[in-house]
Amino acid sequence: MKVNIETISRITGFSPATVSNALNNKRGVNKDTAEKIFQTAREIGYLNGQRIRKVKLVIYRKNGSIVNDSPFFSSLMAGVEAECRSFGFDCVFCHIDQGSPQYDEDMGELLNDRASALLVLATEMEAAEAARLQSASVPLVILDNWYERLGCDAVLIDNTDASYRAVDYLIQKGHQHIGYLRGNFEIKNFYYRRMGYQRALQEHGLNLNPAYTFDLTPNMEGACKDMAALLEKKPELPTAFFADNDMIALGAMRALQQHGIRIPQDISVVGFDDLPFCSISTPPLTTVKVYNRQMGCAAVRRLMQLVEYGNDYCTKIQIASGFVERDSVRDLQEPLNNSETLN
C-alpha cells in the first residue's frame, strides 16, 4: 500500500492540511495533535520513506558581533551553495537568533524538519546551546566550531596551529615582545588562537606579558575606537601584535597610525582570515589565510555522506590554513633604510 499524507489523515482523523503542517513543523498545530501524527507516521513507515530534498544552512547568531556581513562568511556560504548544486540539492539559508522570542520554536522546527539536512554555522554558539543539536532528526554538520563533549560532525579552521605559525613567523623576524589583540567577545575560535599564541611564546622561551594583551571589539570600527582609547593612556607597547582576526587588526592599525605610530617601522601587525581588503590596506596586512570557501565545500561533502550512509561515526575536519606575507611586519634583524626612517 502506498503510504502518504492522505493515509495518515484517514488513520488519525485529522485533515490532510493539518497532517502536512505537523510533519513540516509549521506553527499552529497543537502539540498533542502533532505528536499523534508523528507517531502514526513512524508506525506506518511514512517517515522512513521520506528523502532529504534540500540542505539548510542555519546561520546562528548570539549577538552578531562575529557573524556579520563580512567577506569571510559570504565566501563560506558561496562554497556551501556551489557544492550543494553539484550534488543536485537545493540550498536554503536561514537565520536563527538566540535573542529572538521565538528562538525555542524556531530551533525545534529546524531540528525536526525531516526534509532538510542541516549545516549549522556555529561560530557564536556556546556548548550549552550546541547540545540541543544532538536531538536533530536529520543529518547535521557543524561549521566553524567544535565541542569536545558532543558527538557531532564538524568542519573548522586549524586555529591553534595557524596562530602558532603566525607568532612563530614574528619571532623568526626578530620580535621578542609580541602583543595580542584579543576579541572581547569570547568564541571558541579566539580561545584556540590564544592557545597557539601562548604556545609559540612558551616554546621559544619568551615571556607572556599581560600588559601587551589589548581587548578590542571584533569589528573594524569598534576595534579602532577601543584601541584609540587605550592609546590615550600611553601604555607600554610591544614591537609586534598578533590579532584574533583581520577586522581587529585593521581597526587597531588605523588607531595606531592616527596616534603617530608607524606600521611596520614602529609596530608590526599580523591578522587572521585574509579578507579581500587586507591586500589594499595601508600597509597591506600580513595575515593567516583561511580557506573559507573550501570549508563550506567540505562540510557539504560530509553532509552528503551522512545523507547517503548514515552516521556510524563522527568526524572532525580541520582545514589547514595558509599564510600571506605582505608589508605590515618589519624584520628587526635588518636595519631600516633611509626612506623608512623618514616616513
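Structure shown above.
In what follows, the accompanying structure is described. Please read these numbers as outputs of a predicted model, since none were measured by experiment. (Residues numbered from 1 in each chain as written. Predicted model: local features only at pLDDT ≥ 70, side-chain atom pairs only at ≥ 80, totals over all residues. Heavy atoms only, no water.)

Examining the environment of Gly 99
So, point 1. The topology assignment puts Gly 99 in the loop between strand S2 (90-97) and helix H6 (103-111).
So, point 2. For the pair Gly 99 and Asn 63, spaced 36 residues apart in the sequence, the C-alpha separation amounts to 7.7 Å. (Helix = DSSP H or I, 4+ residues; strand = E, 2+ residues; numbered from the N terminus.)

Overview of helix H5 (residues 71-86)
So, point 1. The first and last C-alpha atoms of H5 sit 23 Å apart over 16 residues, in line with the 22 Å expected at 1.5 Å per residue.
So, point 2. Inspection of H5 places Phe 72, Phe 73, Leu 76, Met 77, Gly 79, Val 80, Ala 82, Glu 83 and Cys 84 among the buried residues, and these make up the whole buried set.
So, point 3. Phi for Gly 88, located one or two positions after H5, is positive at around 80°. (Expected span 1.5 Å × (residues − 1). Buried < 20%, exposed > 50% of the residue type's maximum accessible area, 1.4 Å probe, protein only.)

Quick word on the sheet that holds S2
So, point 1. Here six strands make up an open sheet; going across it, the order is S2-S1-S3-S4-S5-S11 and the pairing parallel. The open sheet has two edge strands with one neighbour each: S2 and strand S11 (316-319). Pairwise comparison of adjacent strand axes, ignoring direction, gives a mean angle of 20° for this sheet.
So, point 2. Judged from the eight bridges that link them, strand S1 (residues 54-61) and S2 form a sheet pairing that is parallel. By the bridge assignment for S2, Lys 56 is matched with Val 92. (Pairing = 2+ DSSP bridges. Axes fitted to C-alpha atoms, helices over the stretch in contact; angles between N-to-C directions.)

Some details on the sheet that holds strand S6 (residues 178-183)
So, point 1. One open sheet accounts for six strands, arranged S7-S6-S8-S9-S10-S12; its pairing is mixed. Each edge of the open sheet carries a strand with a single partner, namely strand S7 (213-216) and strand S12 (322-324). If you compare each strand with its neighbour and ignore which way they point, the axes differ by 20° on average.
So, point 2. Taken together, the three bridges between strand S8 (residues 240-243) and strand S9 (residues 268-273) define a ladder with parallel strand orientation. Residue pairing in the sheet places Ala 240 in a bridge with Ser 268 of S9.
So, point 3. Running over the sheet, helix H9 (residues 188-203) touches S6, S8 and S9 and is turned about 170° from S6.
So, point 4. Strands in contact with helix H11 (residues 246-258) are S6, S7, S8, S9 and strand S10 (286-289); relative to S9, the strand with the most contacts, it is inclined by about 150°. (Contact = heavy atoms within 4.5 Å.)

Focus on the packing of aromatic side chains
The description of two aromatic rings rests on the distance between their centres and on the angle between their planes.
So, point 1. Scanning all chains against the criterion turns up eight aromatic pairs.
So, point 2. Note on Tyr 191 and Tyr 192: the rings are 5.2 Å apart at their centroids and 70° apart in plane angle, and the pair reads as edge-to-face.
So, point 3. Looking at Tyr 192, the relative accessible area reads 18%, which means it is buried.
So, point 4. Seen from their ring centres, Phe 242 and Phe 272 are 6.5 Å apart, and the 70° between their planes marks the pair as edge-to-face. In this pair, Phe 242 is assigned in strand S8 and Phe 272 in strand S9, connecting sequence segments 30 residues apart. (Phe/Tyr/Trp six-rings, centres within 6.5 Å; stacked < 30°, edge-to-face > 60°.)

Some points on empty space enclosed by the protein
So, point 1. Under the criterion given, the structure shown has two cavities of 30 Å³ or more.
So, point 2. If you add up the space inside the largest cavity, you get close to 170 Å³.
So, point 3. Taken together, 17 residues form the lining of the largest cavity, with Ile 66, Phe 72, Phe 73, Asn 245 and Asp 273 sitting closest to its centre.
So, point 4. Elements with a contribution of two residues or more to the lining of the largest cavity: H5 and H9.
So, point 5. A total of three residues in the lining of the largest cavity trace back to one element, the largest contributor, which is H9.
So, point 6. Considering only enclosed or pocket space, the second largest cavity measures out at about 40 Å³ in volume.
So, point 7. If you go around the second largest cavity, the residues you meet are Val 58, Tyr 60, Ile 96, Met 107, Leu 110, Leu 111, Leu 118, Val 120, Met 125 and Leu 133.
So, point 8. Of all elements in the fold, only S1, H6 and strand S3 (116-121) reach the threshold of two or more residues within the lining of the second largest cavity.
So, point 9. Among the elements that make up the lining of the second largest cavity, the one with the highest residue count is H6 (three residues).
So, point 10. Class assignment of the residues belonging to the lining of the second largest cavity gives a composition of 10 nonpolar, no polar and no charged. (1 Å grid on protein atoms, 1.4 Å probe; cavity = no way out; pocket = protein on both sides within 12 Å on 5 of 7 lines; lining within 4 Å. Points joined across faces, edges and corners; volume = space filled by probe spheres on them. Nonpolar A, V, L, I, M, F, W, Y, C, P; charged D, E, K, R; others polar.)

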